[in-house]
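The residues making up each chain are set out below.
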Amino acid sequence: MSTGSWPKSLLVVRLGAMGDVIHTIPAVAALRNAFATIRIGWIIEQRWAELLCAKEAPRSGPRNSARPLTDFVHVVDTKAWRKSLLSSGTRQEIAAALREVRKQNYDIAIDFQGALKSAAIGKLAGTKTVVGMKNPREWPARMFYTKATDANGTHIIDQYHSLAEATVGHSLPDCPAAFPQDSRSESEAAKLLASGQQFVVLNPGAGWGAKQWPAKRYGEVARSLAKDGLTPLINCGPGEEELALAAENASESTARRISCSIGELIALIRRARLFIGGDTGPLHLAAALQVPVVAIFGPTDPARNGPYGTRSIMLRAPSSLTSLSHTGGPDPGLLSITTDEVIAAARQLLEAPPA
C-alpha cells in the first residue's frame, strides 16, 4: 500500500498492561516512521498513559518529545468501570470516552490486545476497518474484526510487527521504541542519585506469584553488587511494598527502595548500568531502552516474552514449564536459580564492553 492510498488516520487499541504496551510501541513506531503524516490515536488505560505521553503534557496536538508517537492519547479506566458497570456515572464516562474517539473519525483500528473488550472498543470507535489476529488471546474478539491476519514470528514484538505489516500490506523496517521525555521526570530521577553515581535496578515484583524470584535473594544480589562499587536500587511498584522491603532488609542497608511514577521510572532506567528482574513491565522497559538485563524467568516462555533488542542473559531452569495459569505459588524451577548464578550473570554484563 503506497503512502497515497494509505488512510489518513488509525487507532491503536492496546489498553494495558505495562509490558504489553511496551511490546506494542515498536510496531506503532514502525507505522509512524513509514507514514509520517498519518494521524495516530491510541486507547490506553489511565495508569499506563505515561508510556505514551508525559504526565503534564497535552494528550493531543502536535507531536513532540513529551508525546513522540501519537497525535491523540485516549484514556480509559475499564477497571473502575467494571466495579460499577450499571451506574449512571460509569455509563456517562463510557459514552464520553466513545464520543471523544468517534470525533476523530479514524479510518482503521488495529487491535493489538486480542481481547473481547479491546476488539469491541475498536468496533465501537466507528472505524471502517478493525484489524486483529486470526488467533486472538480471546477467540470471541474475532467477531468484531473486518480483517484477521496471521501473527508471524516467535517473540510477541515480532508478532505485533507482523500485524502492523499485514495492516499496511507490505514490510516495514524495524524501529526502536520511543518513550516520552520531560524535564520534570528527569529532575525527579536525578534527585535519587548523586552526580555520576553508577547504579543497578532490581525489581522483585512480578504480575503473579509464580513469576517472582524470592525477594530476599534480590537483597543478597544487591549486597554483592554493592561490594563492586555499584548502588543497588530496588524498584517498588504499586502493591509491591512488602517485597521491596524484604529485599531491602536482606541487602543489609546496601540497597534502597525507590517508588516512581512511570515517567520517572523511564528517566531512571535510561541511566542504569543494569536491570535485574523477572518477566514484568519494568524489565521490558529496560530492554526497550537498551539497558543490559539479567532476566530471571519461571513459567513464562522467554522465546515469546524475553528481553528484546538489548544485551541480556536469560536464566531459566530446564524444569520450568510454560504456563499462563497465573498461580500464586512459587515455580519450583524459578526457585532453583541461585543468587550466585544471578550475580555471575550481572558481573558478566557489567564487565562486557558496550555493543
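Just above sits the structure.
Residues numbered from 1 in each chain as written. Predicted model: local features only at pLDDT ≥ 70, side-chain atom pairs only at ≥ 80, totals over all residues. Heavy atoms only, no water.

> In this structure, what is going on with the sheet that holds strand β8 (residues 231–235)? I would like to understand it.
Backbone-to-backbone hydrogen bonds join strands into a sheet, with any given pair of strands oriented parallel or antiparallel. In space, the six strands of this open sheet follow the order β9-β8-β7-β10-β11-β12, with parallel pairing throughout. Strands at the two margins of the open sheet, each flanked by one partner only, are β9 (256–258) and β12 (312–316). The mean inter-strand angle of the sheet, taken between neighbouring strand axes irrespective of direction, is 20 degrees. The sheet contact formed by strand β11 (residues 293–297) and β12 spans five bridges and is parallel. Residue pairing in the sheet places Val294 in a bridge with Ile313 of β12. Sheet contacts for helix α7 (residues 215–227): β7 (199–203), β8, β10 (274–277) and β11; angle to β7, the most-contacted strand, approximately 175 degrees. (Pairing = 2+ DSSP bridges. Helix = DSSP H or I, 4+ residues; strand = E, 2+ residues; numbered from the N terminus. Axes fitted to C-alpha atoms, helices over the stretch in contact; angles between N-to-C directions. Contact = heavy atoms within 4.5 Å.)

> I keep staring at a positive patch on the surface and nothing clicks. Help me out?
Side chains of Arg47, Lys79, Arg82, Lys83 and Lys117 sit close together on the surface and give a patch of like positive charge. Relative to the helices and strands, Lys83 is located in helix α2 (residues 78–83). (Patch = residues over 30% accessible without salt bridge, like charges linked within 9 Å, V, L, I, M, F, W, Y side chains within 5 Å. Areas by Shrake-Rupley, 256 points an atom, 1.4 Å probe, with all protein chains shown as cover. Salt bridge = Lys/Arg side-chain N within 4 Å of Asp/Glu carboxyl O. Lys, Arg positive; Asp, Glu negative; His and termini not counted. Charge placed at Lys NZ, Arg CZ, Asp CG, Glu CD.)

> What should I look at first to understand the pattern of salt bridges in this one?
A side chain of one charge can pair with a side chain of the opposite charge if their charged atoms are brought near each other. Under the defined criterion, the tally for this structure stands at twelve salt bridges. A salt bridge links Arg32 to Asp71, with the nearest nitrogen and oxygen atoms 2.8 Å apart. Of this pair, Arg32 sits in helix α1 (residues 18–34) while Asp71 is found in the loop between β2 (39–45) and β3 (72–76), placing the two residues 39 residues apart along the sequence. You'll find Arg32 and Asp71 in the same group, each marked buried. Between Lys191 and Glu188 there is a salt bridge whose closest N-O contact spans 3.1 Å. Of this pair, Lys191 and Glu188 both sit in helix α6 (residues 183–191), separated by three residues, roughly a single helical turn. One salt-bridge network, in which partners are shared between bridges, spans Arg32, Arg63 and Asp71. (Buried < 20%, exposed > 50% of the residue type's maximum accessible area, 1.4 Å probe, protein only.)

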